[in-house]
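So the chains spell out like this:
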Amino acid sequence: MNIVVCIKQVPDTPNIRIDRERMTIIRDGVESIINPLDRIALEAALDLKQKEGGKISVLTMGPSQSEEALREALAAGADEAILLTDPGFAGADTLATSKVIASAISRMDPFPDLILCGKQTIDSDTGHVGPQLAEELNLPQVCGVTEIHVEMNALVVKQLSDGFQNTYRVSFPALLTVSQGLNVPRHIPLGDLEQAFLDGRVLRWGLKELDLRPEEVGFSGSATTVVRLYRPPQKRKGEVVSGSSQTLAEHLIAKLVSLSILDEDEAE
Amino acid sequence: MVLDPKMKQAVIRRTVRKFAEEKLVPAAAEMDEKAEFPARVAEEMAALQYFGLEIPAAYAGAGLDSVSYAIVIEEISKASGAMGLCISVHNSVSAFPVYEFGKESQKQAFLVPMAKGEKIGTFCLTEPNAGSDASSIETTAVRDGDGYILNGSKIFVTNGGVSGLNLIFAITNPSQRGREYSVFVVESEREGLEKGAQEDLMGMRGNPVCPIVLNDCRVPRENLLSEEGQGMRIALSTLDGGRIGIGSQALGIAQACLEASIKYAQERYQFGKRIADFGAIQGFLADMATRIEAARLLILRASSLRDRKMPHSRESAMAKLFASETAVDAARIGLQIHGGYGYSKAYPIERYYRDAKVCEIYEGTSEVQRIVIARSLMNK
């Protein structure tokens, strides 16, 4: 089974700073990591490869420094790494990003059996790229899967949605986006990291290699623009309660019941 | 294509930190309290090649450069000084000399299981009457047919309780007493080798430090590392790398002190505000951070010289001296920031305080490092 895993390098910090002029996230001076759900997608690919054989290609679109994420993926066990990079790709929204990735995947020979993405990224959190990519490539898709099995030449996947567990049977080729809980990514042996940075190969594809026109991609190929980016004021308010421990306990229990955290029976 | 080495090192640091935060941080307090080595975590570390850091892949190691090696030790030590000590000693003064001075057959027999973490190594130089004055060791190795018979006592053996292979320094030419000594790789199960009870230490309690006694312990000639009389050369060349390891260990402890102090200072309110808002506390934190960064640069300097195969005795001594004094200082100031709570076991700072101290003592005391540095200044 040939699998493509799409990954994104994201800032490793909960305190994201914003460039108010350009309406973008400031990435300079912030350490970057593989988006955690993308790492889970890669781990799922490694598990599938172990069972089914085949090849894993990891793909990312980003600046030169994204190579770091690809090499880490090679160390984790990916067979091939492709960096989609070009000054023309800058300023892309999720649609323009999907277009570039789709163009890269459609160039792969043989066409992959399975494309895996994280459900969303911790930086922009849109969850668009996976579904848009599936539409671009005209593939069946299931988003937010928590289990993947291969049965009789098809995928059987489970998805949690609105409190229901859905099970789907999906024919190949297909695209899945994965959720938390699918697996726990393994720790990478230090020697594999060393090797990936020493002799790991990262292919670089730009506008020319993908045969794309500048107006199709990047800022000009984007359907959306960010008008404003800001941190909404926090509206959380604390409530101070005073009184005897008995009153405090009663108040707290009533509160938990009113928030449906405790049942009334339990409260009794 | 020229790769930015910093890219690799950033990934290595992050990988190790993640492992350490997941596996060692939760275990560290109990390791200290029960004076217990975490065998299960060590097994996981072995599978991830933490026991063959600088050993090439051909001998089952990770093949890291020295800068990366220092980063690994720092991050592990930040989570657990005792485990940082274990891998620092195993890698730098036990496995590395076998790699550097061992014959091919010795590498196959000893180095490969060490790099795989199947056999944890020790470095047995210190004796009851030979500490800083290493040349006064009394352990002897007397030729006996095609082997040697070893007799003597080694003390404060780091990793002793869990070791599989031990590098024993012993006098092979008693007529030149003190000058001609040699190194033997001695298996823990060999008859005549006995381990004493684990030392009840002030810090680094998760490391099973113990004495090792050799009582008519017969070893074959194949266990002699390099040639007879090469002990001093092996010790000196090994300790340069060892000092980078201990420096990195001290750095990790210092960094842990800083991070714990930053956290505490922002949580603790006195006089109606966070203590982090007081100038005195800010000054403490700024000084700690500045010294820690300087220590990190000294270690980077020594380890990058080592990577380029350039002399680095002085730089290693400087890095070890400065980093260990920085750690002791960071622990002292960090505990002061924590106030009364810092003096209790509710916070890890008291463990850091106890762990940090020994960095100024082992693998050459601060006083010995100053001698090494001063001599290098005058022997130009």
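Residues numbered from 1 in each chain as written. Chains lettered and ligands numbered in written order. Predicted model: local features only at pLDDT ≥ 70, side-chain atom pairs only at ≥ 80, totals over all residues. Heavy atoms only, no water.

A word on the domain arrangement of chain A
The figure often quoted for interface size is the accessible area lost as the parts come together.
At step 1: In terms of domains, chain A is made up of domain 1 (2-216) and domain 2 (232-268).
At step 2: Taking the mean C-alpha position of each, domain 1 of chain A and domain 2 of chain A sit 43 Å from one another. (Domains from an automatic or database assignment.)

Brief notes about the pattern of salt bridges
At step 1: For the coordinates displayed, the defined rule picks out 44 salt bridges over all chains.
At step 2: The salt bridge involving A:Lys158 is made with A:Glu147; its shortest N-O contact spans 3.8 Å. A residue pair is termed long-range when its members are at least 10 positions apart, and A:Lys158 in strand β10 (residues 154-161) and A:Glu147 in strand β9 (residues 141-151) qualify at eleven residues.
At step 3: Salt-bridge contacts for A:Arg213 lead to A:Glu215; the nearest nitrogen and oxygen are separated by 3.0 Å.
At step 4: Judged by its relative accessible area of 47%, A:Arg213 falls in the partly exposed class.
At step 5: With relative accessibility at 46%, the residue A:Glu215 sits in the partly exposed group.
At step 6: Overlapping salt bridges bring together B:Arg13, B:Arg17, B:Glu74, B:Glu75, B:Lys78, B:Glu259, B:Glu293 and B:Arg296 as one network. (Salt bridge = Lys/Arg side-chain N within 4 Å of Asp/Glu carboxyl O. Helix = DSSP H or I, 4+ residues; strand = E, 2+ residues; numbered from the N terminus. Buried < 20%, exposed > 50% of the residue type's maximum accessible area, 1.4 Å probe, protein only.)

A short note on the packing of helix α6 (residues 231-267) of chain B against helix α7 (residues 279-307) of chain B
Residue and element names in this part refer to chain B.
At step 1: Taken N-terminus to C-terminus, the directions of α6 and α7 make an angle of 155 degrees; their axes are 10 Å apart at the nearest point. Between α6 and α7, the angle is such that the two are roughly antiparallel. Once α6 is placed against α7, the crossing between them reads as left-handed. Only Ile281, Leu285, Met288, Ala289, Ile292, Ala295, Arg296, Ile299, Ala302, Ser303 and Arg306 of α7 make contact with α6, whose side of the interface consists of Gly241, Ile244, Gly247, Ser248, Leu251, Ala254, Gln255, Cys257, Leu258, Ser261, Ile262 and Ala265.
At step 2: Across the contact of α6 with α7, the residue classes break down as 15 nonpolar, six polar and two charged. (Axes fitted to C-alpha atoms, helices over the stretch in contact; angles between N-to-C directions. Parallel < 35°, antiparallel > 145°, perpendicular 65-115°, else oblique. Left-handed = near helix turned anticlockwise from the far one by under 90°. Contact = heavy atoms within 4.5 Å. Nonpolar A, V, L, I, M, F, W, Y, C, P; charged D, E, K, R; others polar.)

A look at helix α2 (residues 67-76) of chain A
All names here are of chain A.
At step 1: With ten of ten residues buried, α2 is to be regarded as a mostly interior element.
At step 2: Those residues of α2 that fall on the buried side of the exposure criterion are Glu67, Glu68, Ala69, Leu70, Arg71, Glu72, Ala73, Leu74, Ala75 and Ala76.
At step 3: Positive backbone phi, at 135 degrees, marks Gly77, one or two positions downstream of α2.

Remarks on the layout of surface pockets
By rolling a water-sized probe across the atoms, one finds the places where empty space is left.
Residues and elements named next belong to chain B.
At step 1: Its boundaries defined by the atoms lining it, the second largest pocket holds a volume of some 1,400 Å³.
At step 2: Mapped onto the lining of the second largest pocket, the elements with two or more residues apiece are α4 (81-101), β3 (147-157), α6, α8 (313-342), α9 (349-357) and α10 (366-378).
At step 3: A total of six residues in the lining of the second largest pocket trace back to one element, the largest contributor, which is α6.
At step 4: Partitioned by chemical class, the residues of the lining of the second largest pocket number 24 nonpolar, eleven polar and eight charged. (1 Å grid on protein atoms, 1.4 Å probe; cavity = no way out; pocket = protein on both sides within 12 Å on 5 of 7 lines; lining within 4 Å. Points joined across faces, edges and corners; volume = space filled by probe spheres on them.)

Topic: the side chain of B:Thr139
Residues and elements named next belong to chain B.
At step 1: Topologically, Thr139 is positioned in the loop between β1 (120-124) and β2 (140-144).
At step 2: Note on Thr139: relative accessible area 0%, which makes it buried.
At step 3: Reaching out from Thr139, the side chain makes a polar contact with the side chain of Glu127 at a distance of 2.6 Å.
At step 4: Among all residues touching Thr139, those that are not within four sequence positions of it are Glu127, Asn151, Gly152, Ser153, Lys154, Ile168, Phe169, Ala170, Ile171 and Leu214. (Polar contact = N/O pair within 3.5 Å; in protein donor to acceptor, adjacent residues only side chain to side chain.)

Description of empty space enclosed by the protein
Residue and element names in this part refer to chain B.
At step 1: All told, the structure shown has one cavity of 30 Å³ or more when counted by the stated rule.
At step 2: The computed volume of the largest cavity comes to approximately 50 Å³.
At step 3: Considering the residues around the largest cavity, the lining is formed by Ala28, Met31, Asp32, Ser80, Gly81, Ala82, Met204, Arg205, Gly206, Arg351 and Asp355.
At step 4: Those elements that place two or more of their residues in the lining of the largest cavity are α1 (5-34), α4 and α9.
At step 5: At three residues, α1 tops the list of elements feeding residues into the lining of the largest cavity.
At step 6: Residues belonging to the lining of the largest cavity are distributed by class as follows: four nonpolar, three polar and four charged.
At step 7: Structurally, the lining of the largest cavity is a two-domain feature, drawing no fewer than three residues from each of domain 1 (7-119) and domain 2 (122-227).

Structural notes on the nonpolar core
At step 1: One finds A:Leu116, A:Ile148, B:Met45, B:Tyr50, B:Val72 and B:Ile76 to be the most contacted residues of the largest nonpolar core, which totals 137 residues.
At step 2: If you tally residues by element for this core, the top one is α6(B), at 15 residues.
At step 3: The contacts of A:Leu116, once residues within four sequence positions are left out, are A:Ile3, A:Val4, A:Val5, A:Cys6, A:Ala41, A:Ala44, A:Ala45, A:Ile148, A:Leu176 and A:Val178. (Core = buried A, V, L, I, M, F, W, Y, C linked by side-chain atoms within 4.5 Å.)

A word on the packing of aromatic side chains
Residues and elements named next belong to chain B.
At step 1: Here the structure, examined in full by the defined rule, presents nine aromatic pairs over all chains.
At step 2: Between Tyr341 and Tyr347, the ring centres sit 6.0 Å apart and the planes meet at 65 degrees, which makes this aromatic pair edge-to-face.
At step 3: Overall, the relative accessible area of 44% leaves Tyr341 in the partly exposed class.
At step 4: Owing to a relative accessible area of 27%, Tyr347 belongs among the partly exposed residues under this scheme.
At step 5: Each member of the aromatic cluster is reached from another via a ring pair, and the members are Tyr59, Phe96 and Tyr99.
At step 6: Residue placement shows Arg306 over the ring face of Phe96; its charged tip is 4.7 Å from the ring centre. (Phe/Tyr/Trp six-rings, centres within 6.5 Å; stacked < 30°, edge-to-face > 60°. Lys NZ or Arg CZ within 6 Å of the ring centre and 35° of its normal.)

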